[in-house]
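Observations on the model geometry
Residues per chain, in single letters:
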Amino acid sequence: MPLADWFDSLSVALADGRVMAYARAGKDLPLESLDPSERDLLRRTLSGGKPLVGTVLQAAENDLRLLFTAPLRTAAGEVVGVLAGGMRLSSQALLPPAPADGWSASRLMLVAPDGGIMAHSSPARWLGHVRDEAGLGLPFLRLLQQQLPVQLRGTSETRDGYLYTLAGMPLPQWFVVRVTPLDAPPLWGVSGLGSAALLGAALLALLAAGAMVLLAHPWMELTARAAQLLQRGPAGPGAARPDAARPASLPALPQAWGEVAVLWRALHALSRQRDTQARRAARFQAQTMTILEEAPVAIVVTRHDRVQLLGLQAARLLGYAPHELQGYPVRQLCAGDAEYLRLMERIHGEMRAYGQFNGEVCLMRKDGSSAWLRMQGRRVAWPLPREGAGMTMVWMVRDVTDQRKARTHPQWQARHDALTQLPNREAFALRLQQWMDERRKAPGEGGVLLFLDLDHFASVNDMAGHDAGDALLRHFARLLETLVPPPGSVARLGGDEFAVLLPDASAREGRAQAEQLCAAVSAWEASYHGQRFWLGVSIGLVVLDAQSSVGALLHAADMACYEAKRQGRGGVHEHCEVVEKIASE
C-alpha cells in the first residue's frame, strides 16, 4: 500500500517470467493486459539483475508512462522476481515529443550550471562532466552559462552529428539535456522540454526506489529472524536432550513498524513458547531417564525401528553403554536381514492379532554372541500413533538365555507344557505341595489358589482350526505370566484349564487379582487370519489350607470354577465350604 502512493501502477513477475499481479489506480487488472513493452522491461531486469528506468507509450490512452523496475532477491542474493512501478507523465512540455523515437538510442542527463553531471542514463557517467560527453564538450558548457539564471524554456541545436535538446528546471537550478546521434532515431519519441519531464519522473522513480528499500528492509530482517528460528530445529519429546543448551532469545527488531511489528511480536511469542516447550521436553526426558535407570525391570522405547530411550539395565543385557544404543537401528541388533524381517513380521502380526507383543527374541550382543530376551511390548502414541515401521513401542525386557538352555534338559521338558512352556499339572502339584510343607513348618497367613477355564474356547477350534486355538493358548499363557508377577506361579493343567498360585495373598487380594484377570481377558480381542474372537475366563477361588491335600484343593478350585461358569461365565466364584483335610482321607 505505501508503494501505491508513489506509483499509479504496480506489477510483479517471478523469475520464470510469469506475471503474478498487475494493478493500476488501485484496481487489479487482467494479467494479459500488461503492455508488451512493460513485459520486455521486466524480462531485461530479470536477466540483468539490475534496476532499470524506461518509458512506455500506452497506445490506447495516448499516455507516456515512466517505468521503474527493481529485482527481488533472497537473503543469499538470488533473483526470485521483479517489481515494477509505473508513473504517468501528465505534462510533456519540457521536451516535446518527436516522431519515431527509440528510447535506447539517446542519452538523458541532469546537468548542473558548472557542467557537472548529477544523473545520467548510463550509471557509469554519474558525477562526470559535460566536457567529456560526446556531442557536448566545452562549447556546450559555455552555452549553459549563458542560460543563467535557469529559465523554464527548451532549446535544440545540432552540432558534430548530434542533436541535443536543453530544458531548464528553475527550482533546483538544473538543466535537463538529451543527446541523440543524428544517424539513430531520437529518444523515446519526444523532444525538447518533454525530456525534462521524463528525467524528473526518473528522479522520482529513484526516490521511490529508495523508499522501496526502506520499506523492504524490515521484511528482510523479519525473514532472517524466522530463518534463525527454523534453524534451531523442532522442539518436542523426540528432539530434546537433557543436556541441551537453553535456546538463545530471538534478536530484537527495533526498526519494525506497522504490519512487520505485529508479525514480529507474534514470531517472538512463538519463539518464547518454543523455548518453554524445549525446556519442558528436556525436563521430561531427564525424568524419563531417571525412571528407566531406577526401574526394577529393563525398559526400552523404540520408534521408527530405532532405539529411542533405554536405561542402564537394558543396555547391559546386550553389552552396550546406554549412549551407544541411543538412536541405534534395531536391524543392527539382528543376526541378518532375514532374521530382522522375520522379527518385524512376527511383531506386526501379534500387534494386529492381540494389540501387544509378548515373546522371546534372539538378538546379538556387542561382542557378537547371541542373547535370548523375553520382550513384552505395547504401542504408544508418541508423538502420534503410526502404522508399520513408524510405530512407537515401549518394551519390558528380560534375559531368558539360561532358561532357554534349561529347556533342553529332559527333566525340564517332563515338567513343562510343550505348547505354552508353562509348568504342567505335575509340576504345579509339586509347587503346591512345597508351599503346604513350608506352611506346616512355619505357619503363616495368606495363600490363594485360582482355577481358570477359558469361556467359549471350543468355538475357536471349530471356526478357525486347532492352529488358531494353539496360537491363542500360547498368547494367553504369556498374558497370565505378565499379570501374575513373582512370587505367584502359573501352570497349564490341560486343554484350556490353567491354575495360579498366589502364595502370600489374602482372600481379598486373591479376589482382586482374579477380577483383574477376568477384566484383562474380557478386553482382549484376539484375531487369527482375519477372524476375530472375543473370549472370557471363569475363575474358581480357594483360600489355601496347609492341612488339606493337593488333590482336595485342586478339586475344590475346579468345582468353584464350574460354579462360576454356571452363574453366567466371565466371573469369579469363591469356594466357601471346608476343604477336605488330610486326616479325614
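What this report covers is the structure whose coordinates are included nearby.

Criteria and thresholds
In this numbering scheme, every chain counts its residues from 1 along its sequence in written order. In keeping with the model being predicted, local features are shown solely for residues with a pLDDT of at least 70 and side-chain atom pairs are shown and tallied solely at 80 or more, while totals for entire chains, interfaces and linings include all residues. The basis for every side-chain value is the complete set of non-hydrogen atoms in the structure, without hydrogens or water. Patch membership is restricted to residues that have no salt bridge and whose relative accessible area is over 30%. Joining uses 9 Å for like charges and 5 Å for the nonpolar side chains Val, Leu, Ile, Met, Phe, Trp and Tyr. Under the convention used here, a 1.4 Å probe and the Shrake-Rupley method define accessible areas, while residue burial counts only the protein chains that appear. Every case where a carboxyl oxygen of Asp or Glu lies within 4 Å of a side-chain nitrogen of Lys or Arg is listed as a salt bridge. Labels follow the DSSP assignment, with helices taken as runs of H or I lasting at least four residues and strands as runs of E lasting at least two, numbered in each case from the N terminus. Of the grid points, spaced at 1 Å and generated over the protein atoms alone, those admitting a 1.4 Å probe that cannot get out make up cavities, while open sets with protein on both sides within 12 Å along at least five of seven lines make up pockets; any residue with an atom within 4 Å of a point is treated as lining. Grid points are joined across faces, edges and corners, and a volume is the space filled by probe spheres set on the points. Pairing between two strands requires that DSSP report at least two bridges joining them. Orientation is described by axes fitted as lines to C-alpha atoms, over the contacting stretch for helices, and by angles from 0 to 180 degrees between their N-to-C directions. Contact between two residues is taken to exist if any of their heavy atoms lie within 4.5 Å; hydrogens are not considered. Each residue's exposure class comes from its accessible area (1.4 Å probe, protein chains only) as a fraction of the maximum for that residue type: buried when under 20%, exposed when over 50%, partly exposed otherwise. The arc in question is the one traced by the directions running from the helix axis out to the C-beta atoms. The span expected for a helix works out to 1.5 Å for each residue beyond the first. Comment on the angle field: the value is read as roughly parallel under 35 degrees, roughly antiparallel over 145, roughly perpendicular from 65 to 115, and oblique elsewhere. In a left-handed crossing the near helix is turned counterclockwise from the far helix by less than a right angle, and in a right-handed crossing that turn is clockwise. Amino acids outside the nonpolar list (Ala, Val, Leu, Ile, Met, Phe, Trp, Tyr, Cys, Pro) and the charged list (Asp, Glu, Lys, Arg) are all regarded as polar, and Gly is one of them.

The subject of this paragraph is a nonpolar patch on the surface. On the surface, a nonpolar cluster with roughly 330 Å² of combined accessible area is contributed by W126, L127 and L206. Structurally, the position occupied by L206 is in helix α4 (residues 194–231).

Turning our eyes to something else, we now look at empty space enclosed by the protein. As enumerated under the stated definition, the model contains two cavities of 30 Å³ or more in all. Here the largest cavity is characterised by a volume of approximately 320 Å³. Considering the residues around the largest cavity, the lining is formed by 25 residues, among which V300, T302, V330, M375 and W395 are closest to the centre. Elements with a contribution of two residues or more to the lining of the largest cavity: β12 (298–303), β13 (306–310), α6 (312–317), α8 (337–354), β14 (357–364), β15 (370–380) and β16 (392–399). At four residues, α8 tops the list of elements feeding residues into the lining of the largest cavity.

Now for the sheet that holds β13. Hydrogen bonds between backbone groups are what pair the strands of a sheet, and the pairing can be parallel or antiparallel. The five strands lie next to each other as β13-β12-β16-β15-β14, forming an open sheet whose pairing is antiparallel. Every other strand in the sheet has two partners, leaving β13 and β14 as the edge strands with one partner each. On average, each strand axis in the sheet is tilted by 35° relative to the strand beside it, whichever way the strands run. Two elements, β12 and β13, share four bridges in a ladder whose sense is antiparallel. Residue pairing for β13: R303 is matched across the bridge by R306. In this fold α8 packs onto β14, β15 and β16, with an angle of close to 170° to the strand it touches most, β14.

Residues of helix α3 (residues 137–146) that are buried: G137, F140, L141, L143 and L144. The buried residues of α3 occupy one face: seen down the axis, they fall within an arc of 160°.

Turning to helix α13 (residues 466–483), a few remarks are in order. Taking 1.5 Å of rise per residue, 18 residues should cover 26 Å, and α13 covers 25 Å from first to last C-alpha, within 8% of that figure. Within α13, burial applies to A468, G469, A471, L472, L473, H475, F476, A477, R478, L479, L480 and L483.

Across the sheet, which stays open at both edges, the five strands sit in the order β18-β19-β17-β22-β23 with mixed pairing between neighbours. Taken across any chain shown, the strands that pair with only one partner, and hence form the sheet edges, are β18 (489–494) and β23 (572–574). Here the average twist between neighbouring strands, direction ignored, is 20°. In terms of strand pairing, strand β22 (residues 536–543) meets β23 through three bridges, oriented parallel.

Turning to unusual backbone geometry, a few remarks are in order. The omega torsion of the bond from P486 to P487 falls at 10°, within 30 degrees of zero and hence cis. By the element assignment, P487 lies in the loop between α13 and β18. Residues other than glycine seldom take positive phi values, yet Q421 does so here, at roughly 65°. Inspection of the secondary structure puts Q421 in the loop between α10 (410–414) and α11 (425–441). Note on Q421: relative accessible area 28%, which makes it partly exposed. Unusually for a residue other than glycine, H456 sits at a positive phi of about 60°. One can find H456 in the loop between β17 (448–455) and α12 (457–464).

What follows covers the packing of α11 against helix α15 (residues 550–566). For any two helices packed against each other, the geometry is given by the interaxial angle and the distance between the axes. It is at 10 Å that the axes of α11 and α15 come closest, and there the two elements cross at 115°. Here α15 runs roughly perpendicular to α11, going by the angle between their axes. Here α11 runs over α15; the crossing is right-handed. On α15, the residues touching R425, F428, A429, L432, Q433 and M436 of α11 are V550, L553 and L554. Counted by class, the contact of α11 with α15 contains seven nonpolar, one polar and one charged residues.

This brings us to the pattern of salt bridges. One pass over the structure, following the stated rule, counts 19 salt bridges. The closest approach of N and O atoms between D16 and R18, which form a salt bridge, is 2.7 Å. We classify D16 as exposed; its relative accessible area is 52%. With relative accessibility at 47%, the residue R18 sits in the partly exposed group. Of the charged contacts, one joins D455 and R569 as a salt bridge, the two residues approaching to 3.8 Å between their closest N and O atoms.

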